[in-house]
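Listed below, chain by chain, are the residues.
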Amino acid sequence: MELLPSQMAALRVFVALAGQLRTPPAAGLADQVRTAVYDPGAGRWRLCLTRAQMESVVYGFWLHRLTGSALEANRFGRDYAVMHRPGPYEGTGVRAVHLGQ
């Protein structure tokens, strides 16, 4: 998976706030963010994520959207066909919708 610099910045904030969130980032996501590799030719960060981590990223972008920037969530939804849809608390608090499936 590849992320734009603005998406990576939003993801780093989400991971940094882990201890303050009702629903923390998925296990291992912080390590993936920390070890991400930047591709200067593409201008993107490269990460290898599990499905649970990807859904956690979507949730983090949704939280970021609440602060006023929808760019990161919208771009991720277009690129990877997955978005967060808020719903009733179901244990994890994360409800990702995989578009086109």
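Above this text is the structure in question.
As a starting point, this report considers the structure included with it. None of the values given here were measured: they were computed from a predicted structure. (Residues numbered from 1 in each chain as written. Predicted model: local features only at pLDDT ≥ 70, side-chain atom pairs only at ≥ 80, totals over all residues. Heavy atoms only, no water.)

## Examining the sheet that holds strand β2 (residues 37–39)
One open sheet accounts for 3 strands, arranged β1-β3-β2; its pairing is antiparallel. Each edge of the open sheet is held by one strand with a lone partner, namely β1 (2–3) and β2. Two elements, β2 and strand β3 (residues 44–46), share 3 bridges in a ladder whose sense is antiparallel. Note on β3: the bridge partner recorded for Y38 is W45. (Pairing = 2+ DSSP bridges. Helix = DSSP H or I, 4+ residues; strand = E, 2+ residues; numbered from the N terminus.)

## A short note on the nonpolar core
Among the nonpolar cores identified, the biggest contains 21 residues, and L3, M8, L11, L29, L47, F61 and F76 are the most heavily contacted of them. Counting only elements with at least two residues in this core, the list comes to α1 (5–16), α2 (29–34), α3 (51–66) and α4 (71–80). Once residues lying within four places of it in the same chain are set aside, the contact partners of L47 are M1, L3, M8, L11, Q32, V33 and A36. (Core = buried A, V, L, I, M, F, W, Y, C linked by side-chain atoms within 4.5 Å. Buried < 20%, exposed > 50% of the residue type's maximum accessible area, 1.4 Å probe, protein only. Contact = heavy atoms within 4.5 Å.)

## Topic: empty space enclosed by the protein
By the definition in use, this model includes 1 cavity of 30 Å³ or more. Lining the largest cavity are V58, F61, W62, R65, A73, F76, G77, V82, M83 and H84. Of all the secondary structure elements, the ones that give two or more residues to the lining of the largest cavity are α3, α4 and β4 (82–84). Per-element tally for the lining of the largest cavity: the top contributor is α3, with 4 residues. Taken together, the residues of the lining of the largest cavity break down into 7 nonpolar, 2 polar and 1 charged. (1 Å grid on protein atoms, 1.4 Å probe; cavity = no way out; pocket = protein on both sides within 12 Å on 5 of 7 lines; lining within 4 Å. Points joined across faces, edges and corners; volume = space filled by probe spheres on them. Nonpolar A, V, L, I, M, F, W, Y, C, P; charged D, E, K, R; others polar.)

## Digging into the packing of α3 against α4
Running from N to C, α3 and α4 cross one another at 150 degrees; their axes reach a closest spacing of 8 Å. In contact with M54, V57, V58, F61, H64 and R65 of α3, α4 contributes E72, A73, N74, F76 and Y80. Looking at the contact of α3 with α4 residue by residue, the classes come out as 7 nonpolar, 2 polar and 2 charged. (Axes fitted to C-alpha atoms, helices over the stretch in contact; angles between N-to-C directions.)

## Describing α4
Those residues of α4 that fall on the buried side of the exposure criterion are E72, A73, F76 and G77. An end-on view of α4 places all buried positions within 130 degrees of arc, on one side of the element. Exposed residues on α4 whose side chains face more than 90 degrees from its buried face are L71 and R78. On the buried face of α4, the contacting elements are β1, α1, α3 and β4. Within two residues after α4, A81 carries a phi angle of roughly 55 degrees, on the positive side. (Arc of directions from axis to C-beta.)

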